[in-house]
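# Descriptive analysis of the structure
What follows is the residue order along each chain.
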Amino acid sequence: MDTPAARLEKNFKSKHRLIESEIGKTQKAALQRLLKEGRVVRVRAYYLAGYEPTVESESERTLEKLLSRPCLFRRIALSPRYKESQPFFRSALSKLLAEKRVIKLAAGGRDGEYFIHSDHLLNMLDAGGSGSSESSGVRQGGENHKKLTDRIYKAYERLTRDKGRRSVFISDLLRISETSWDELRGWIEQEIVAKGQGQLDEGDWGAATEEQRAAAVELRGRKRLYIALAP
């Protein structure tokens, strides 16, 4: 039946969300009828029932975004389009973090917080350390990890003292610490990428030597030549 309420509902079915200015004055009565019958829901804006933002819908949207690519996302890249969805997004993200389905990484400098789906992070760590008992030993922690950390920090302190700066070549840290590449890479994945205990910087790839390039660590699609550890 072609009634004002039916016409308005048809409009909602095509757009799912309407704001006050998109609903004509002559449609106000029809809108109230749809609201009363539960066919339209108001969350600041007006939504066709079933399309309004909820913690569950924001969780699904956030997970879909994070699963779309195996990379780090800034909070702003995950945020919903509409303001009324923000509270649901914040609750959804907190829930996903608590459930460890999403991992928050702290990047150095001004980059702030980054997020990645836990499956992607585990795949990255597995790919980086597959076939390497030394690298898996680093991730397991324990006495070996403590000794490795002490060795790396001593080498780093020597380099920063000699170079007079905090950021040093990863290749120099590899050489001075006398660790294997698998050991150092596994340590960087755990301490720098996962825990945020420092930062990786790109540097000038064109001016880098073959040794420096060979020790570069790839992060977010870019090769990083330098490392700076947290005090």
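Per-chain numbering applies: the sequence of each chain, read as written, is numbered from 1 onward. Predicted model: local features are reported for residues with pLDDT of at least 70 only, side-chain atom pairs are reported and counted for 80 or more only, and whole-chain, interface and lining totals are derived from all residues. Hydrogens and water are ignored here; the side-chain numbers use all heavy atoms of the structure.

## Looking at helix α2 (residues 28–36)
Partly exposed residues are those whose accessible area sits between 20% and 50% of the maximum for their type, while under 20% is buried and over 50% is exposed, using a 1.4 Å probe and protein chains only. Starting at the N terminus, helices and strands are each numbered in turn, a helix being any DSSP run of H or I of at least four residues and a strand any DSSP run of E of at least two. For α2, the set of buried residues is Ala30, Leu31 and Leu34. The buried residues of α2 all sit within an arc of 100° when viewed along its axis, so they share a single face. Exposed positions of α2 whose direction lies more than 90 degrees from the buried face are Ala29 and Lys36. Those residues of α2 that are buried lie in contact with α1 (4–15), β2 (40–43) and β3 (45–48). Positive phi appears at Gly38, one or two residues downstream of α2, with a value of about 75°. To be clear, the arc concerns the directions from the helix axis to the C-beta atoms. When checking whether two residues touch, look at their non-hydrogen atoms; a contact exists if any pair is within 4.5 Å.

## Regarding the pattern of salt bridges
We define a salt bridge as a contact between a side-chain nitrogen of Lys or Arg and a carboxyl oxygen of Asp or Glu at a distance within 4 Å. Under the counting rule described, the total for this entry stands at 16 salt bridges. The partner of Glu9 in a salt bridge is Arg39, with the nearest N and O atoms 2.5 Å apart. One end of the pair, Glu9, is in helix α1; the other, Arg39, is in the loop between α2 and β2, and 30 residues separate them in sequence. Judged by relative accessible area, Glu9 falls into the buried class, the value being 14%. Look at Arg39 and you get partly exposed, because its relative accessible area is 28%. One salt bridge connects Glu218 with Lys223, and the closest N-O pair in it is separated by 3.8 Å. Among the charged side chains, a network of salt bridges with common partners joins Glu9, Arg33, Glu37 and Arg39.

## A look at the environment of Leu184
Within the secondary structure, Leu184 is located in helix α10 (residues 181–194). Through-space distance from the C-alpha of Leu184 to that of Ile170 is 9.1 Å; in sequence the pair is 14 residues apart.

## Considering the pairing of β3
Neither face of β3 is left uncovered, since the one carrying Ala45 and Tyr47 and the one carrying Tyr46 and Leu48 both have all their residues buried. As paired strands, strand β1 (residues 17–18) and β3 are joined by two bridges and run antiparallel to one another. Across the sheet, Leu18 pairs through a bridge with Tyr46, a residue of β3. We call two strands paired when DSSP finds no fewer than two bridges between them. In terms of strand pairing, β2 meets β3 through four bridges, oriented antiparallel. Paired with Val40 across the two strands is Leu48, which belongs to β3. Hairpin connection between β2 and β3: a loop of one residue separates the two successive antiparallel strands, and Arg44 in this loop has a positive phi of roughly 65°.

## A few points about the packing of aromatic side chains
Stacked, tilted and edge-to-face are the three classes assigned to paired rings of Phe, Tyr and Trp, where Trp is represented by its six-membered ring and a pair needs centres within 6.5 Å; plane angles under 30 degrees give stacked, over 60 edge-to-face, the rest tilted. Applying the stated criterion across every chain, the model contains two aromatic pairs. Between the aromatic rings of Tyr153 and Trp187, the centroid separation amounts to 6.1 Å while the plane-to-plane angle is 80°, which identifies the pairing as edge-to-face. With a gap of 34 residues between them, Tyr153 in helix α8 (residues 143–163) and Trp187 in helix α10 connect regions that are remote in the sequence. Measuring from centroid to centroid gives 4.3 Å for Phe169 and Tyr226, while their planes differ by 25°, and the two rings are stacked. Of this pair, Phe169 sits in strand β7 (residues 168–169) while Tyr226 sits in strand β11 (residues 226–229); the two residues are 57 residues apart in sequence, bridging distant segments of the chain. As a reminder, the over-ring test applies to NZ of lysine and CZ of arginine, requiring each to be within 6 Å of the ring centre and within 35 degrees of the ring normal. Just above the ring of Tyr82 sits the side chain of Arg17; from NZ or CZ to the centre is 3.5 Å.

## Re the confidence of the model for the protein
In this model, the protein carries an average pLDDT of 85, and 89% of its residues clear a pLDDT of 70 or more. Confidence over residues 131–140 falls short of pLDDT 50; this stretch has 18 contacts with residues more than four positions distant or in other chains. Each residue carries a pLDDT score, the predictor's confidence in it, ranging from 0 to 100.

## Some words on the layout of surface pockets
Think of a 1 Å grid over just the protein atoms. A cavity is a set of points where a 1.4 Å probe fits yet cannot get out, a pocket is an open set with protein on both sides within 12 Å along at least five of seven lines, and lining residues have an atom within 4 Å of a point. Grid points are joined across faces, edges and corners, and a volume is the space filled by probe spheres set on the points. If you add up the space inside the largest pocket, you get close to 460 Å³. Around the largest pocket sit 21 residues that line it, and Met124, Glu189, Val217, Glu218 and Leu219 are the ones nearest its centre. Top contributing element to the lining of the largest pocket by residue count: α10, with five residues. A volume near 290 Å³ is recorded for the second largest pocket. Ranked by residue count, the leading element in the lining of the second largest pocket is helix α3 (residues 55–68), at four residues. Residues were grouped as follows: Ala, Val, Leu, Ile, Met, Phe, Trp, Tyr, Cys and Pro as nonpolar; Asp, Glu, Lys and Arg as charged; and all remaining residues, including Gly, as polar. Residue composition of the lining of the second largest pocket, by class: five nonpolar, three polar and seven charged.

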